[in-house]
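These are the residues of each chain, in order.
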Amino acid sequence: MAETKIHPSAVIEDGAVIGDGCEIGPFCHVGPQVQLGANSRLRSHVALWGNTVIGENAQIWPFASLGHAPQHLKYRGEDTRLVIGRDCLVREHVTMNPGTVQGRSETTIGDNCAFFTGAHVAHDCIVGRNVTVINNVMLAGHCTVGDYATIAGGSGIHQFTRIGHHAYVGGLAAVEGDVIPFGMVLGNRAYLSSLNVIGMKRAGFDREAIRNVRRAYRMLFSFDLTFKENMDEVQAEFPNDPLVQDLLGFIRSGGDRALCFPRHTQLS
């Protein structure tokens, strides 16, 4: 069983659960409801609070603040949660807030995610597995981010927005609408520029799968027919393609925000 190491200057409140093999560095503060998974490392000056559960092998760097009260004017101290999966990287000055009773009472981060310096995850967000969030990204409340998505530096995501799996949000984008799975959005305000083909290749999708999604994308956002008619045509052409059907399912399931669309002159 690995030894747990706690620096003398760290403050571990009574009730906190610290897993085997953890290293807690100088001037860290761990609140009484926190559960820290085995073999996690808090570098220094890390503040963990509230009903916060962090999975095994977390790497949390200085001045990260996880689990403190959500930035919500109606929050009255309710016992809501922040749950972070295993193998997550949280770099300097990252902030993550728990849920609210007005939302789902929980903010959830999947396994193997990376959050770089200054990123913020607001209340009631759901972040999937293997998500990469680059410096100074702002995820507003109630956002959903699918597995393997990447959000580049300085981007702002409007509350209640959905980012589909394997999507890519370009740097400094201001995203007000839902981003389809495999989509790539750019700009302020963000528009759908293309598919995240590089991300699909890195994820191991074969050439035929990428070709089908690319054709479906071009059909969906053709301006010759209405969007509903385009969806019907894509459904008819790819009734058994799982990736295309997943894309259509994302659109049909709807959300609180409109979709990001390409510009009229941009379809690649």
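See above for the structure.
These numbers were taken from a predicted model, which means no experiment stands behind them.

How each quantity is defined
- Residues numbered from 1 in each chain as written.
- Predicted model: local features only at pLDDT ≥ 70, side-chain atom pairs only at ≥ 80, totals over all residues.
- Heavy atoms only, no water.
- Helix = DSSP H or I, 4+ residues; strand = E, 2+ residues; numbered from the N terminus.
- Buried < 20%, exposed > 50% of the residue type's maximum accessible area, 1.4 Å probe, protein only.
- Pairing = 2+ DSSP bridges.
- Axes fitted to C-alpha atoms, helices over the stretch in contact; angles between N-to-C directions.
- Parallel < 35°, antiparallel > 145°, perpendicular 65-115°, else oblique.
- Left-handed = near helix turned anticlockwise from the far one by under 90°.
- Contact = heavy atoms within 4.5 Å.
- Nonpolar A, V, L, I, M, F, W, Y, C, P; charged D, E, K, R; others polar.
- Polar contact = N/O pair within 3.5 Å; in protein donor to acceptor, adjacent residues only side chain to side chain.
- Salt bridge = Lys/Arg side-chain N within 4 Å of Asp/Glu carboxyl O.

A. Quick peek at the environment of Gly170. As for its position among the elements, Gly170 is in the loop between β25 (168-169) and β26 (174-175). The spacing of Gly170 and Ile151 is 19 residues in sequence and 6.6 Å in space, taken between C-alpha atoms.

B. How the structure looks around the pairing of strand β15 (residues 106-109). Going residue by residue along β15, you find Glu106 and Thr108 tucked away on one face and Thr107 and Ile109 tucked away on the opposite face as well. Alignment of strand β12 (residues 81-84) against β15, held across four bridges, turns out to be parallel. The partner of Ile84 across the bridge, within β15, is Ile109. In terms of strand pairing, β15 meets strand β18 (residues 126-127) through two bridges, oriented parallel. When the sheet's bridge partners are listed, Ile109 is paired in β18 with Val127.

C. Structural context of the sheet that holds strand β3 (residues 17-18). Strand order in the open sheet formed by eight strands is β3-β6-β9-β12-β15-β18-β21-β24, with parallel pairing between adjacent strands. A single partner strand is all that each edge strand has here, and the edge strands are β3 and β24 (162-163).

D. Representation of the sheet that holds strand β23 (residues 156-157). Taken together, nine strands build an open sheet; the order of strands is β2-β5-β8-β11-β14-β17-β20-β23-β26 and the sheet is parallel. Looking along the sheet, the strands with just one partner apiece sit at the ends: β2 (11-12) and β26. Summarising the sheet, β23 and β26 pair through two bridges and their orientation is parallel. Of the residues in β26, the one forming a bridge with Gly156 is Ala174.

E. Quick peek at the packing of helix α2 (residues 207-220) against helix α3 (residues 227-237). It is the contact of α2 with α3, at a shortest axis distance of 8 Å, that shows an interaxial angle of 155°. By the angle between their directions, the pair α2 and α3 is classed as roughly antiparallel. As α2 packs across α3, the resulting crossing turns out to be right-handed. On the side of α2, the interface is formed by Arg215, Ala216, Met219 and Leu220, while α3 contributes Phe227, Asn230, Met231, Glu233, Val234 and Glu237. Its residues placed into classes, the contact of α2 with α3 shows six nonpolar, one polar and three charged.

F. How the structure looks around the side chain of Thr107. Following the sequence through the fold, Thr107 ends up in strand β15. Relative accessible area serves as the criterion here: at 0%, Thr107 is assigned to the buried category. One polar contact links the side chain of Thr107 to the main-chain amide nitrogen of Asp124, over a distance of 2.8 Å. In this structure, Thr107 is in contact with Arg81, Leu82, Val83, Asn97, Pro98, Gly99, Val121, Ala122, His123, Asp124 and Cys125, ignoring residues within four places of it in sequence.

G. Expanded view of the pattern of salt bridges. Tallying each qualifying case throughout the model produces ten salt bridges. Residues Arg162 and Asp178 are paired through a salt bridge, measuring 2.9 Å at the closest nitrogen-oxygen approach. On the criterion of sequence distance, the pair formed by Arg162 in strand β24 and Asp178 in the loop between β26 and β27 (183-186) is long-range, its members being 16 residues apart. With respect to burial, Arg162 and Asp178 carry one shared label: buried. The salt bridge involving Arg215 is made with Glu237; its shortest N-O contact spans 2.6 Å. Taken as a pair, Arg215 in helix α2 and Glu237 in helix α3 lie far apart in primary sequence, 22 residues in all. Looking at Arg215, the relative accessible area reads 43%, which means it is partly exposed. One network of salt bridges, with partners in common, ties together Glu56, Arg86 and Asp87.

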